[in-house]
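Given next are the chains, with one letter for each unit.
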Amino acid sequence: MATSRGRRVVGVDYGTTGTGVAYARHTGGPNTRAHPSVHQHYTWHGTHSVERVPSRIAYRHDNKENSAFEDKDYIWGSEVQPDMWACSWTKLQLDPTALLSEYDDKDLNISAQDGIFHLVDGKSADDVIVDYLTPVYKEILAVLGIEADDTSASIDFWFPIPVTWPLEAKAAFEKVIERAGFGQRKGDSVNFIPEPEAAAGAVLLDNPESFHVGDGLLICDAGGGTVDVAMYIIASPTDWKKLTSFQGGRCGGATVDSRFYGLMNKWFAKSFAKMPLRHRGPGSALMDQFEDIERNFCKTDYNSFKLDFSSMPNTAPNKHFVEGSILLTEKDLQSMYDPAIERIIKLIYEQLQAAHEHSGYSVINKIVLVGGLSESVYLQQIIKTCFEQPGKMEVAIPDNP
């Protein structure tokens, strides 16, 4: 591990469903994009080896019978167990206009009404995010070997933010990360960068052999909550120029999960809705199974998919529920994915049109899919079918999108 002397650059990607951290030594001016020797933090909580730790927190107040809390008021990330009442998708609540009326996907509002956006009594969404990010901040200091009162080592924190956020959401997030401790030590700074621009930097840094000077890139950052699209021309290995303004929509992975909830409520009505949120909400055993199907589902699958949910009470066997398992067909999964994918296709198409009008020719030759939703085989298939043209347009998916 690096020593505590000098200046560090730390990227903190607080996402709707997961949080990632990467760090490096500062090697240039404050606006440089050349950050060699970037290290991804994998060992969360000292033991859990994951690239992104779940953006999830559980409180002892909600889980009074669970002995895992010991003397803690809450536990977070990978320590949250599937059977716990937990707060998830909290980042989406930083944009109050979105939850009220402006979501691009109406099924997110259904999820809000269904209790998926759970908050512990007495705490706002801002409070919950502070509680989550505070141990993230402390873990970053520990990984860097920096004490909270060590003034000989300073840190530049960079936080990607969705391009769809209004000023109110940005201001709320600034206050949240300040309360969590970021930028409060002498010499530390907090900076913000649009999510697609942060994604572009990571892609170019991690895959330099895949891109060349003169390439026109469309970065589609399909995350858990939002999908952001941006376009760049590569001027040099460490310099890329933005072509047009960023565009984004609330059509990320959470919308697919929301449609799953909507379908379950339609099929099983009260039997599903009455189940405790810890058995059916984000991070539950049921949703872990569904997310595995989400990632691997592709258009050539014609079989049904089983989700073990034997704990659901008072459910008579039918074509959707057999021997304690929920049965999903290819058509069911497409009905959950297709509305979000249609919005993503529209975002990409409109940005390609804008780039053509701006440059006078088809300047974009590579579409790069990044973000958690881009791990979906089905999404990859559809985007390639719609946009890939040999010799003209390549659709690229990094090894770790």
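All figures in this text were calculated on a predicted structure; none of them were measured in a lab. Throughout this document, residue positions are counted from 1 along each chain, in the order its sequence is written. At least 70 in pLDDT is required for a residue's local features to be given in this predicted model, at least 80 for side-chain atom pairs to be given and counted, and no such filter applies to totals for whole chains, interfaces and linings, which use all residues. Note that the side-chain values use all heavy atoms of the structure and ignore hydrogens as well as water.

**Q** Looking at this model, I keep getting lost on the pattern of salt bridges. Mind explaining?
**A** Pairing between side chains of opposite charge can happen when the charged atoms of each approach one another. Between Lys or Arg on one side and Asp or Glu on the other, a salt bridge is scored when a side-chain nitrogen of the former is within 4 Å of a carboxyl oxygen of the latter. For the structure shown, the criterion picks out 10 salt bridges. The partner of Lys366 in a salt bridge is Asp215, with the nearest N and O atoms 3.2 Å apart. Linking Lys366 in strand β18 (residues 366-370) with Asp215 in the loop between α5 (195-206) and β11 (216-222), this pair joins segments that are 151 residues apart in sequence. Each of the two residues, Lys366 as well as Asp215, counts as buried. The closest approach of N and O atoms between Arg295 and Asp292, which form a salt bridge, is 3.6 Å. One end of the pair, Arg295, and the other, Asp292, are both in helix α9 (residues 285-296), three residues apart, so they sit about a helical turn from each other. Only protein chains enter the accessibility calculation, which uses a 1.4 Å probe. A residue is then buried if its area is under 20% of the maximum for its type, exposed if over 50%, and partly exposed in between. Overall, the relative accessible area of 36% leaves Arg295 in the partly exposed class. Relative accessible area serves as the criterion here: at 40%, Asp292 is assigned to the partly exposed category. When salt bridges that share partners are traced, they join Asp215, Lys366 and Glu394 into one network. Counting from the N terminus, the helices are the DSSP runs of H or I reaching at least four residues and the strands are the DSSP runs of E reaching at least two.

**Q** Looking at this structure, I do not really get the layout of surface pockets. What am I missing?
**A** Here the idea is plain: a probe the size of a water molecule rolls over the atoms and shows the empty space left. Space inside the second largest pocket adds up to approximately 290 Å³. Points on a 1 Å grid, built from protein atoms alone, make a cavity when a 1.4 Å probe fits but cannot get out and make a pocket when they are open with protein on both sides within 12 Å along at least 5 of 7 lines; residues with an atom within 4 Å of a point are the lining residues. Considering the residues around the second largest pocket, the lining is formed by 14 residues, among which Leu352, Ser362, Ile364, Gln389 and Met393 are closest to the centre. Breaking the lining of the second largest pocket down by element, the ones donating at least two residues are α10 (330-359) and α11 (377-387). A total of five residues in the lining of the second largest pocket trace back to one element, the largest contributor, which is α10. The residue inventory of the lining of the second largest pocket, partitioned by class, reads nine nonpolar, four polar and one charged. Grid points are joined across faces, edges and corners, and a volume is the space filled by probe spheres set on the points. All amino acids are sorted into three groups, where Ala, Val, Leu, Ile, Met, Phe, Trp, Tyr, Cys and Pro are nonpolar, Asp, Glu, Lys and Arg are charged, and the leftover types, Gly among them, are polar.

**Q** Explain empty space enclosed by the protein here, please?
**A** Tallying each qualifying case throughout the model produces two cavities of 30 Å³ or more. Considered as a void within the structure, the largest cavity measures approximately 80 Å³ in volume. In this structure, the largest cavity is lined by 13 residues; those nearest its centre are Met84, Ala86, Leu277, Arg278 and Pro282. Classifying every residue of the lining of the largest cavity gives seven nonpolar, four polar and two charged. Roughly 40 Å³ of volume is contained in the second largest cavity. What lines the second largest cavity is simply Tyr14, Ser55, Arg56, Ile57, Cys87, Thr90, Val128, Ile129 and Tyr132. Here the lining of the second largest cavity takes three residues from helix α3 (residues 125-144), the largest share from any one element. Taken together, the residues of the lining of the second largest cavity sort by class into six nonpolar, two polar and one charged.

**Q** When you look at the nonpolar core in this model, what are you seeing that I'm missing?
**A** Grouped burial of nonpolar side chains is what soluble globular proteins tend to show. Residues belong to a common nonpolar core when they are buried Ala, Val, Leu, Ile, Met, Phe, Trp, Tyr or Cys residues joined through side-chain atoms within 4.5 Å. Judged by nonpolar contacts, the single largest core of 58 residues is most densely connected at Phe260, Ile326 and Leu328. Examining the composition of this core, we find that 10 residues originate from one element, α10, more than from any other. The criterion used for residue contact is that any of the two residues' heavy atoms lie within 4.5 Å. Leaving out residues up to four positions away in the same chain, Ile326 has contacts with Met264, Trp267, Phe268, Leu286, Phe305, Lys306, Leu307, Phe309, His320 and Phe321. Counting 38 residues, the second-largest nonpolar core is a separate cluster that includes Val10, Ile129, Phe159 and Ala180.

**Q** Hey, could you run me through the environment of Gly181 in this one?
**A** Its location among the elements puts Gly181 in the loop between α4 (167-179) and β10 (189-194). Relative accessible area serves as the criterion here: at 13%, Gly181 is assigned to the buried category.

**Q** For this particular structure, what's the right way to read the environment of Glu291?
**A** Relative to the assigned elements, Glu291 resides in helix α9. Judged by its relative accessible area of 24%, Glu291 falls in the partly exposed class. The sequence separation of Glu291 and Val256 amounts to 35 residues, and the corresponding C-alpha distance is 9.7 Å.

**Q** Can you help me understand the packing of α3 against α4 in this one?
**A** Helix-helix packing is described using two parameters, namely the angle between the two axes and the distance between the axes. Axes, fitted as lines to C-alpha atoms, cover a helix only where it is in contact. Angles between the N-to-C directions of the axes lie from 0 to 180 degrees. Taken N-terminus to C-terminus, the directions of α3 and α4 make an angle of 45 degrees; their axes are 8 Å apart at the nearest point. What the angle tells us is that α3 and α4 run oblique. Along this stretch, α3 crosses α4, giving a crossing that reads as right-handed. Residue-level inspection shows Asp126, Asp127, Ile129, Val130, Leu133 and Thr134 of α3 in contact with α4, the latter providing Ala172, Phe173, Val176, Ile177 and Arg179. Grouping the constituent residues of the contact of α3 with α4 by class yields seven nonpolar, one polar and three charged. For this classification, under 35 degrees means roughly parallel, over 145 means roughly antiparallel, 65 to 115 means roughly perpendicular, and everything else is oblique. Crossing handedness is read from the near helix: turned anticlockwise from the far helix by less than a right angle, it gives a left-handed crossing, and turned clockwise, a right-handed one.

**Q** Sorry if this is basic, but what is going on with the packing of aromatic side chains here?
**A** Each Phe, Tyr or Trp ring (for Trp, its six-membered ring) is paired with any other whose centre lies within 6.5 Å, and the angle between the two planes then decides the class: stacked below 30 degrees, edge-to-face above 60, tilted in between. What the rule picks out here adds up to 23 aromatic pairs. Ring geometry for Phe159 against Phe173: centres 5.7 Å apart, planes inclined by 85 degrees, an arrangement best described as edge-to-face. Separated by 14 residues along the polypeptide, Phe159 in strand β9 (residues 153-161) and Phe173 in helix α4 bring together distant segments of the chain. Using a relative accessible area of 0% as the deciding quantity, one classes Phe159 as buried.

**Q** Whenever I open this one, α5 confuses me. Can you help?
**A** Three or four residues apart is the spacing at which side chains of an α-helix point the same way, because the helix has 3.6 residues per turn. In this analysis, the expected span of each helix is defined as 1.5 Å times one less than the number of residues it contains. Between its first and last C-alpha, α5 extends 16 Å over 12 residues, near the 16 Å set by a 1.5 Å rise per residue. Looking at α5, one finds that the buried residues are Glu195, Pro196, Glu197, Ala199, Ala200, Gly201, Val203 and Leu204. In this structure, the buried side of α5 is in contact with β9, β10, β11, β12 (227-236), β13 (239-242) and β18.

**Q** What is the right way to read the pairing of β10 from this model?
**A** Here is the key point about a regular strand: its side chains alternate between the two faces of the sheet. In short, DSSP must find at least two bridges between two strands for them to pair. With six bridges joining them, β9 and β10 adopt parallel strand pairing. The residue bridging Phe157 from the neighbouring strand is Val190, located in β10. With the strands pointing away from the viewer, any crossover whose connection runs clockwise from the first strand over the helix to the second is right-handed. In the classification by handedness, the crossover that spans β9, the intervening α4 and the parallel β10 is right-handed.

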